[in-house]
Amino acid sequence: MGVLKTLSYAASFTCLATTAAKPDEDLLRRVTDCVGRLSAQIEHHWLLSDKPTEQIEVQRAHLVDILDALVTPNSATQILSKRIDAKMAHATLLTQAAFSEDERQAAWAEKRAKQELLQCGTILLQPSGESVAIAGSTHVSKIESLNQGAWQASQ
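All residue numbers refer to positions counted from 1 along the written sequence of the respective chain. Residues qualify for local features only when their pLDDT is at least 70, as the model is predicted, and side-chain atom pairs are given and counted only at 80 or more; totals for whole chains, interfaces and linings, by contrast, use all residues. As a rule here, side-chain values come from all non-hydrogen atoms in the structure, and water together with hydrogens is ignored.

Colleague: Teacher, can you tell me more about the overall build of the chain here?
Modeller: Counting its regular elements, the chain contains 6 helices and 0 strands. Numbering goes from the N terminus for both helices and strands, where a helix is a DSSP run of H or I of at least four residues and a strand is a run of E of at least two. Mapped from its N terminus to its C terminus, the chain presents α and β elements in the order α-α-α-α-α-α. Relative accessibility decides the category of a residue: with a 1.4 Å probe and only protein chains considered, values under 20% of the type maximum give buried, values over 50% give exposed, and everything between is partly exposed. The buried share of the chain, reckoned over its 155 residues, is 30%. By the convention used here, residues are in contact when the closest approach between their heavy atoms is within 4.5 Å. Within the chain, contacts between residues separated by at least 24 positions form 55% of all contacts whose residues are at least 6 apart in sequence. Summing over all exposed atoms, the chain offers an accessible surface of approximately 10300 Å²; the carbon and sulfur share of this is 58%. All accessibility values rest on the Shrake-Rupley procedure with a 1.4 Å probe; residue burial counts only the protein chains present in the view.

Colleague: Could you clarify how one ought to interpret the environment of Leu70 in this entry?
Modeller: Residue placement: Leu70 occurs in helix α3 (residues 54-70). Assessed through its relative accessible area of 15%, Leu70 is described here as buried. Residues Leu70 and Leu28, 42 residues apart in the sequence, show an inter-C-alpha distance of 6.7 Å.

Colleague: For this particular structure, what's the right way to read the pattern of salt bridges?
Modeller: Pairing between side chains becomes possible if they bear opposite charge and their charged atoms approach one another. By definition here, a salt bridge exists when the distance from a side-chain nitrogen of Lys or Arg to a carboxyl oxygen of Asp or Glu is within 4 Å. Summed over the entire model, instances satisfying the criterion amount to 6 salt bridges. Across the salt bridge formed by Asp26 and Arg29, the nearest N and O atoms sit 2.7 Å from each other. Of the two residues, Asp26 and Arg29 are both situated in helix α2 (residues 25-48); the distance of 3 residues between them amounts to about one turn of the helix. Asp26 gets classed as partly exposed once you look at its relative accessible area, which sits at 39%. What makes Arg29 partly exposed here is its relative accessible area of 42%.

Colleague: Would you mind showing me how to read the state of the cysteines here?
Modeller: Here a disulfide denotes a covalent bond joining the sulfur atom of one cysteine to the sulfur atom of another. Note on disulfides: each one is a pair of cysteine sulfur atoms within 2.5 Å. Tallying each qualifying case throughout the model produces 1 disulfide. One disulfide bridge connects Cys34 with Cys120, the sulfur atoms lying 2.2 Å from each other. When the S-S torsion is -95°, as for the bridge of Cys34 with Cys120, the disulfide is left-handed. One end of the pair, Cys34, is in helix α2; the other, Cys120, is in helix α5 (residues 103-121), and 86 residues separate them in sequence. Comparing Cys34 with Cys120 shows no difference in burial state: the two are buried.

Below, the structure is given as structure tokens:
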């Protein structure tokens, strides 16, 4: 009887560990989209402006680390596909913003691209003095961290 009890406990813990290890699908989707969007933003900076991209590259690197922790071998190809789709969508917005002859469409595309990047910036904890870098933006909005002490401790 003791062996059966031990095996049942082992099976229960295995089921709990497997269930607990699954990433939140919404978080996985957001991080995947943000990695793709930041990649497009970096390429846009490289091609069309002389603005520095260090802060965006650092944000992207942090999100890639998060994504690597969330991706499983079974979902890797699907995640890569979604990441490429997000990159292409953001590149399309940036292209419309830069080259559209319709001023309203260009303004809308630029505003939408900035909104997407702001949403990506909220995933990462940042010190109170830093803010999200957005291409072509002179206005920088501050992102308030939920727990500054935790961020500083991680550095």
